Every structure is written in structure tokens, then in C-alpha cells.
Amino acid sequence: MVATLTLAPMEGVVDVYMRDMLTEIGGFDLCVSEFVRVSQHVYPASVFYQLCPELRTGGKTSAGVPVHVQIMGGEASVMAENAAFAAELGAPGIDLNFGCPAKTVNRHDAGATLLQWPERLYEIVSAVRGAVPREVPVSAKMRLGFTDKGLALDNALAAEAGGAIKLTVHARTKLEGYRPPAHWEYLRPIRERLRIPVVANGEIWTRADYEKCREVSGCADVMVGRGVIARPSLGREICAETPASGAAFEWPDILELIGIYQGKIREMQAPPREAGRLKQWIKLLGRTYPAANDLFLAIRRLETTEAIMAEVARTGRELRTAA
Ligand SMILES: Cc1cc2nc3c(=O)[nH]c(=O)nc-3n(C[C@H](O)[C@H](O)[C@H](O)COP(=O)(O)O)c2cc1C
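Residues numbered from 1 in each chain as written. Predicted model: local features only at pLDDT ≥ 70, side-chain atom pairs only at ≥ 80, totals over all residues. Heavy atoms only, no water.

### Describing the overall build of the protein chain
- A tally of regular secondary structure across the protein chain gives 15 helices and eight strands.
- Relative to the 2.2 N^0.38 estimate, which gives 20 Å for 323 residues, the radius of gyration of the protein chain is 19 Å and therefore close to what a compact globule would have.
- Seen through its C-alpha atoms, the protein chain measures out along the principal axes to roughly 55 × 45 × 35 Å.
- Here the protein chain holds 323 residues, and 57% of them are scored as buried.
- Restricting the contact set of the protein chain to residue pairs at least 6 apart, pairs at least 24 apart contribute 71%.
- Of the roughly 14000 Å² that the protein chain leaves accessible, carbon and sulfur atoms contribute 52%. (Helix = DSSP H or I, 4+ residues; strand = E, 2+ residues; numbered from the N terminus. Rg over C-alpha atoms; globule rule 2.2 N^0.38 Å. Buried < 20%, exposed > 50% of the residue type's maximum accessible area, 1.4 Å probe, protein only. Contact = heavy atoms within 4.5 Å. Areas by Shrake-Rupley, 256 points an atom, 1.4 Å probe, with all protein chains shown as cover.)

Have a look at this one:
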């Protein structure tokens, strides 16, 4: 079985620049864009281009890794129309979000709330599948449930019956939020029952976690999110043949990476968003680079990237030391 590694969609964190950087470092077969939240209309092309600028370059990152466009909403016909439009714009695949735990999203009938009704997953996936050209794959991403895990298999079967080519499962309920642990053991019965590939997701921070997750879940395919943001070399470490051969790579310098990313997000010309993205990333880096924890405390109230980068420069050498 050929295992694939997918870079998780992360709204406000994994944008085109982060995708470019992480896929260049290596290890990933696929990316998924931040979600496009649809409710009543078909969005103009500009919305899709903003969240997935790769649509202008053949739907791939500069390292050549495809980026599937993620759509989120509760109205099947609107989801279908937007998905068809994304495909028309060149999306190499469409992913459907049934996992978002945000209260405002759930209150408006989208994301993880839909997991209470497997028939709605079926309805949305099949409407999208029917609207998108055959050659464009449609996949779904869900959690194990909304408040409990009782409908996990029903939801997974509904996504498969609707025509999803693949299903990613974040191994927690909406209620469990992002609290460790991730319940990889719940993925095994889903994997065993479905004919389509099941992609395991949640709480993979190291190569050892990756191996454990595959063993416990029985899933060959895995998606990683926060782990690779905290440790940009993780994709390469995972895809190395052995941990030892992974260690032989020359890991990217974190200070240099922050500089590259900051230079790139400049182009977004939206200072509060730009600063927000840098802060989120530096916060997560604290898991691998202890000095990033103090750095985060120093920058969390700063509003411009110039001020943040001045602090980054001050932390300098210390920031380079991984735990
Ligand atoms: C800040 C943040 C933003 C996220 N945005 C999205 C999103 O846009 N679409 C989605 O399906 N999941 C989103 N997720 C969930 C992740 O894709 C992933 O399922 C989750 O973080 C668990 O995986 P991890 O432990 O590898 O991070 C987000 C998670 C975080 C922390």
C-alpha cells in the first residue's frame, strides 16, 4: 500500500506562502486550502483566488504539489454550485468540510454540526459529486462526531455513498475540540468498513506519532496540521525511509524560514492579518523551539510585522535551538 501525506487545511495559518514553504521543504503529496465558507451564493472568482492563489498556477504549489479547494456550508445546492465553479477555475480536487468546530459556523448550519445528520452529509457530498466533472476528485473531511462518537461510522458511510473518493477523519469529536489525545483507535473500524481510503488526522507531532497513528488506526494515509507548523521538517522526517536517514537531512534554519515567510506575506497587504498569521505560527513553534514561547509572549500584543520581526531578530540565535 502506498502511503500518502497531506498537509492539513488550517484557516489563518496554512496559506499559499506556508504551503509553498512546507511543500518545498518536502514530504507532502497533497495540500488542502483554507475553507471557502459558502451560504447563499456562488462566490466570485476573486474569493477562490484569494484563498487558493494556486488556482492561477495549475492548482499546484511552486514545488508541484496539488492543492484541493475546501468548501464548507450546509446547503447542498449552494455547495454544489460553488464546487462546480471552483472546478471550472481549475481546482484539481474539491474537499468538503464537516469538521469545523467554530460556534458561529455551527450556529449557521455548517461544519461539524452536520455530523448529527448523516443523511445531510450524503446529500451534500452527492450534490457536489454530481455537479463537478468526473475527473475532479471530491473528498470529505470530518470529525468523529459532534458531541459523541455514536454516528462516526454512519457519517463515514454516508460520505462514501455520496461519492467521496477519500475521507479524512480528525480523530476527535467537536466537543473534544483540540484536547489531546486524538482517538486513533476509532479510525480502525471506519477504515475496515469503507472501500475508499481513510486518512488519519490529529495529534501527530513527530515521526514516532506518525508511526503509532498508522499502527493504531490501520490507515496508511495521514494528514498533519499543527505538527508541521511547529516543526517544518516533519514532512521530510516522515517520508524518510528510516529515522536515521531522516536525520541526515540538513534541516531548514527556522530564523531564515520566518524571514522568508514574513517577506512573502508582505504581498498580502493586510497588516492585521499578516501579523496574526506570524503570531499563530510563532506560538506553535514553541513546541519545537523553546525560545519561541518567550518570543510569543513578547509579540502577542504587537500589531505590525515590523515590530514582530524586530523581536524575532532580538531572539536570534536562541530561536535556532530545537528542543
Ligand atoms: C488554526 C486552525 C485552523 C484550522 N482550519 C481548518 C480548515 O480551514 N479546514 C479544516 O478542514 N480543518 C481546519 N482545521 C483542522 C485541521 O485541519 C486538523 O484537522 C486539526 O488541526 C487536527 O490535526 P493536527 O493535530 O495535525 O493539527 C484547523 C485547525 C486549526 C488549529
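Here the narrative resumes, following the displayed structure.
### Considering the side chain of serine 217
- As for its position among the elements, serine 217 is in helix H8 (residues 207–217).
- Note on serine 217: relative accessible area 0%, which makes it buried.
- There is a polar contact of 2.7 Å between the side chain of serine 217 and the backbone oxygen of cysteine 213.
- Non-local contacts of serine 217, meaning those with residues more than four positions away in its chain, are made with Trp184, Leu187, Arg188, Arg191 and Ala200. (Polar contact = N/O pair within 3.5 Å; in protein donor to acceptor, adjacent residues only side chain to side chain.)

### Considerations on the environment of threonine 147
- Looking at where threonine 147 falls in the secondary structure, it is placed in the loop between strand E5 (138–145) and helix H6 (152–162).
- Taking relative accessible area as the criterion, threonine 147 reaches 48% and is therefore assigned partly exposed.
- Distance in space between the C-alpha atoms of threonine 147 and alanine 80 is 27 Å, their sequence separation being 67 residues.
- Not counting residues up to four positions away in its chain, the partners in contact with threonine 147 are Thr173 and Leu175.

### What about the packing of aromatic side chains?
- On inspection of all chains with the given rule, the structure shows two aromatic pairs.
- Ring centres 5.8 Å apart and planes at 80° place the aromatic pair phenylalanine 48 and phenylalanine 85 in the edge-to-face group. Of this pair, phenylalanine 48 sits in helix H2 (residues 45–51) while phenylalanine 85 is found in helix H3 (residues 76–88), placing the two residues 37 residues apart along the sequence.
- By relative accessible area, phenylalanine 48 is classed as buried at 1%.
- Exposure remark for phenylalanine 85: the relative accessible area of 19% places this residue in the buried category.
- Aromatic pair tyrosine 261 and tryptophan 281: ring centres 5.3 Å apart, planes at 75°, arrangement edge-to-face. With tyrosine 261 in helix H12 (residues 254–265) and tryptophan 281 in helix H13 (residues 271–285), this residue pair connects regions lying 20 residues apart in the sequence. Comparing tyrosine 261 with tryptophan 281 shows no difference in burial state: the two are buried.
- Directly above the aromatic system of tyrosine 49 lies the positively charged group of arginine 56, at a separation of 3.9 Å from the ring centroid.
- Here the guanidinium or amino end of arginine 287 rests over the ring plane of tryptophan 205, the centre of that ring lying 3.5 Å away. (Phe/Tyr/Trp six-rings, centres within 6.5 Å; stacked < 30°, edge-to-face > 60°. Lys NZ or Arg CZ within 6 Å of the ring centre and 35° of its normal.)

### Quick notes on the site of the ligand
- In the vicinity of the ligand, 17 residues are found, and the nearest of them are Pro9, Gln70, Asn201, Glu203 and Arg226.
- At 2.7 Å from a nitrogen atom of the ligand is found a side-chain nitrogen or oxygen belonging to glutamine 70.
- For the ligand, the accessible surface in isolation is 610 Å², of which the surrounding protein chains cover 88%.
- When grouped by side-chain class, the residues that make up the shell around the ligand number seven nonpolar, six polar and four charged. (Near = heavy atom within 4 Å. Nonpolar A, V, L, I, M, F, W, Y, C, P; charged D, E, K, R; others polar.)

### Observations concerning the domain arrangement of the protein chain
- Here the protein chain is described as being made up of domain 1 (5–247) and domain 2 (255–319).
- A separation of 26 Å is found between the C-alpha centroids of domain 1 and domain 2.
- On the domain 2 side, the residues contacting the 18 residues of domain 1 number 15 residues.
- Across the domain 1 to domain 2 interface the summed buried area is about 1600 Å²; carbon plus sulfur atoms make up 62%.
- Sorting the residues of domain 1 by area buried against domain 2 places Tyr17, Met21 and Ala230 first, and these three jointly supply 37% of that buried surface.
- One can count two salt bridges joining domain 1 with domain 2.
- For arginine 277, the salt bridge goes to aspartate 15, with nearest N and O atoms at 2.8 Å.
- One can count five residue pairs in polar contact (both at pLDDT 80 or more) joining domain 1 with domain 2.
- At the level of elements, helix H1 (16–25) and helix H9 (226–230) are the ones that each hand at least two residues to the side of domain 1 that touches domain 2.
- At five residues, H1 tops the list of elements feeding residues into the side of domain 1 that touches domain 2. (Domains from an automatic or database assignment. Buried area = accessible area lost by both parts, 1.4 Å probe. Salt bridge = Lys/Arg side-chain N within 4 Å of Asp/Glu carboxyl O.)

### Some thoughts on the pairing of strand E7 (residues 198–201)
- Of the two faces of E7, both are covered, the one formed by Val198 and Ala200 as well as the one formed by Val199 and Asn201.
- Taken together, the four bridges between strand E6 (residues 167–173) and E7 define a ladder with parallel strand orientation. Considered in E7, the bridge of leucine 167 is made with valine 198.
- In this fold, the crossover linking E6 to E7 by way of helix H7 (residues 187–193) has right-handed handedness.
- Strand direction decides the pairing type here: E7 and strand E8 (residues 221–224), joined by three bridges, are parallel. When the sheet's bridge partners are listed, asparagine 201 is paired in E8 with methionine 223. (Pairing = 2+ DSSP bridges. Right-handed = clockwise from strand over helix to strand, strands pointing away.)

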